[in-house]
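In case you want the letters, here they are:
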Amino acid sequence: MTTRTPVGPCNNLALRKAARYLGATYDRALAPIGLRSTQFSILQLLSVQGS
């Protein structure tokens, strides 16, 4: 006989929703200068590391 452990609430969906919400928030904030949050992240990384 196999005993199953009860599964608690899964936070995966909540985390994915939060990540999408934050990404969209950054995209809206950066839209006036023509950047997306992913592009900004790359530029920020390059500025920290130098050329």
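Refer to the structure presented above.
Trainee: Please clarify how the overall build of the protein chain should be interpreted in this entry.
Mentor: The helix and strand inventory of the protein chain stands at two helices and zero strands. Expressed as a percentage of the 51 residues in the protein chain, the buried residues total 6%. Carbon and sulfur atoms make up 62% of the accessible area of the protein chain, which amounts to about 4,900 Å² in all.

Trainee: Help me understand helix 2 (residues 37–49), please; the structure alone is not making it clear to me.
Mentor: Because each turn of an α-helix spans 3.6 residues, side chains separated by three or four positions end up pointing in the same direction. Given a rise of 1.5 Å per residue, 13 residues ought to cover 18 Å, and the 18 Å separating the end C-alpha atoms of helix 2 matches this to within 8%. Two residues or fewer after helix 2 comes Gly 50, characterised by a positive phi angle close to 80 degrees.

Trainee: Please explain a nonpolar patch on the surface as it appears in this structure.
Mentor: Residues Tyr 21, Leu 22 and Tyr 26 make up a contiguous nonpolar surface patch of roughly 380 Å² in combined accessible area. You can call Tyr 21 exposed: its relative accessible area is 55%.

Trainee: What is the right way to read the pattern of salt bridges from this model?
Mentor: For side chains of opposite charge, pairing can occur when their charged atoms come near one another. Throughout the structure, instances matching the rule amount to one salt bridge. Notably, a salt bridge pairs Arg 36 with Asp 27, separated by 3.0 Å at the nearest N-O pair.

Trainee: What should I look at first to understand the side chain of Ser 37 in this one?
Mentor: Note that Ser 37 resides in helix 2. Residue Ser 37 is classed as buried on the basis of its relative accessible area of 17%. Setting aside residues up to four positions removed in sequence, Ser 37 forms contacts with Gly 23, Tyr 26, Asp 27 and Leu 30.

Rules and cut-offs
- Residues numbered from 1 in each chain as written.
- Predicted model: local features only at pLDDT ≥ 70, side-chain atom pairs only at ≥ 80, totals over all residues.
- Heavy atoms only, no water.
- Helix = DSSP H or I, 4+ residues; strand = E, 2+ residues; numbered from the N terminus.
- Buried < 20%, exposed > 50% of the residue type's maximum accessible area, 1.4 Å probe, protein only.
- Areas by Shrake-Rupley, 256 points an atom, 1.4 Å probe, with all protein chains shown as cover.
- Expected span 1.5 Å × (residues − 1).
- Patch = residues over 30% accessible without salt bridge, like charges linked within 9 Å, V, L, I, M, F, W, Y side chains within 5 Å.
- Salt bridge = Lys/Arg side-chain N within 4 Å of Asp/Glu carboxyl O.
- Contact = heavy atoms within 4.5 Å.

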